[in-house]
Amino acid sequence: MEESSKASIVNRLLALKRKSGKSYSQIAEETGLTNVYVGQLLRRQAQLKPDTAPKLLAALPDLPDDLLQEMMRPPLRSYDPHLIQDPTIYRLNEAVMQFGESIKEIINEDFGDGIMSAIDFYCSVDKIKGADGKERAVITFDGKYLPHTEQHLSSCPSCLFIGHHVGPQVEPAAESNPLNSLIYDTVKLTTLCC
């Protein structure tokens with residue numbers, strides 16, 4: 001999808017939200033989604049799933065079928081590099097950069113050598129009152145931990161098919177995995193031919 005087409009669709013979706021008079025959090029309550037995910041849907045940064053479509057349609061009854069169908073297609077996830085000029089987004093970026101090394105070290109200490117997924121990921125924004133009675137923004141990043149993989153050739157099926165091997169080739173026991181014989185034969189053939 002061209003960027004201009006995406007921008008046009010997003011403008012229509014955001015106009016529908018404004019017309020509804022509902023906030024992201026209100027739509028989130030009605031659909032069972034996080035408020036940030038509702039924003040991602042309306043900005044075509046996430047795909048609307050079939051089970052959620054009726055709930056979104058109930059929350060935004062003026063949503064036309066062509067936009068609903070478009071929202072159910074896998075989106076082109078992208079962002080405008082000029083977004084960083086917005087003070088809110090700049091400050092979020094600054095906060096991650098300032099606290100990033102400490103966050104990384106704590107993830108490594110508590111989980112091991114890995115990262116937090118931004119795909120198996122939940123994000124929400126909440127408003128609370130602080131100890132001083134003033135309003136505070138709470139931004140939650142809730143991502144699955146993904147360990148970095150130690151890259152053993154024996155665990156890499158594509159490496160085996162391509163013909164990489166370390167040390168003597170020993171024919172694997174077929175009973176442990178029916179594919180072992182096929183992989184082994186492919187490796188032997190690749191080694192002989194190449």
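Parameters at a glance
Residues numbered from 1 in each chain as written. Predicted model: local features only at pLDDT ≥ 70, side-chain atom pairs only at ≥ 80, totals over all residues. Heavy atoms only, no water. Patch = residues over 30% accessible without salt bridge, like charges linked within 9 Å, V, L, I, M, F, W, Y side chains within 5 Å. Areas by Shrake-Rupley, 256 points an atom, 1.4 Å probe, with all protein chains shown as cover. Salt bridge = Lys/Arg side-chain N within 4 Å of Asp/Glu carboxyl O. Helix = DSSP H or I, 4+ residues; strand = E, 2+ residues; numbered from the N terminus. Buried < 20%, exposed > 50% of the residue type's maximum accessible area, 1.4 Å probe, protein only. Pairing = 2+ DSSP bridges. Phe/Tyr/Trp six-rings, centres within 6.5 Å; stacked < 30°, edge-to-face > 60°. Core = buried A, V, L, I, M, F, W, Y, C linked by side-chain atoms within 4.5 Å. Contact = heavy atoms within 4.5 Å.

Novice: Could you give an account of a nonpolar patch on the surface, with specific residues and numbers?
Specialist: Taken together, the side chains of Leu92, Val96, Met116, Val125, Ile139 and Phe141 present a nonpolar region at the surface, about 500 Å² in accessible area. Going through the elements one at a time, α6 (87-110), β1 (114-129) and β2 (135-147) are the ones with two or more residues in the nonpolar patch. Tracing the chain through its elements places Leu92 in helix α6. Given the relative accessible area of 40%, Leu92 is considered partly exposed.

Novice: Outline the pairing of β1, supporting the account with residue identities and numerical values.
Specialist: Examined bridge by bridge, β1 and β2 share 12 bridges and lie antiparallel to one another. By the bridge assignment, Lys127 is partnered in β2 with Ala137. The turn linking β1 back onto β2 is made up of 5 residues, and Gly133 within it adopts a positive phi angle of 85°.

Novice: Could you give an account of the packing of aromatic side chains, with specific residues and numbers?
Specialist: Within this structure, the stated rule accounts for 2 aromatic pairs. Judged by centre distance (4.9 Å) and plane angle (20°), the ring pair of Phe111 and Tyr145 falls under stacked. In this pair, Phe111 is assigned in the loop between α6 and β1 and Tyr145 in strand β2, connecting sequence segments 34 residues apart.

Novice: Give a detailed account of the nonpolar core, specifying residues and quantitative values.
Specialist: With 20 residues, the main nonpolar core has Leu13, Leu42, Leu48, Leu56, Leu63 and Met71 as its most contacted residues. Where this core is concerned, the elements lending two or more residues are α1 (3-20), α2 (24-31), α3 (35-42), α4 (53-59) and α5 (65-71). Here this core gets 5 residues from one element, more than from any other, and that element is α1. In contact with Leu63, other than residues within four places in its own chain, are Leu13, Leu16, Leu56, Leu57, Leu68 and Met71.

Novice: With reference to specific residues and values, describe the pattern of salt bridges.
Specialist: In total, this model carries 7 salt bridges according to the counting rule given. Across the pair Lys19 and Asp62 runs a salt bridge, and its minimum N-O distance is 3.4 Å. Within this pair, whereas Lys19 is found in helix α1, its partner Asp62 is found in the loop between α4 and α5, the two being separated by 43 residues in sequence. Taking relative accessible area as the criterion, Asp62 reaches 49% and is therefore assigned partly exposed. Residues participating in the shared-partner salt-bridge network are Arg44, Glu70 and Arg73.

Structural measurements only, silent on function.
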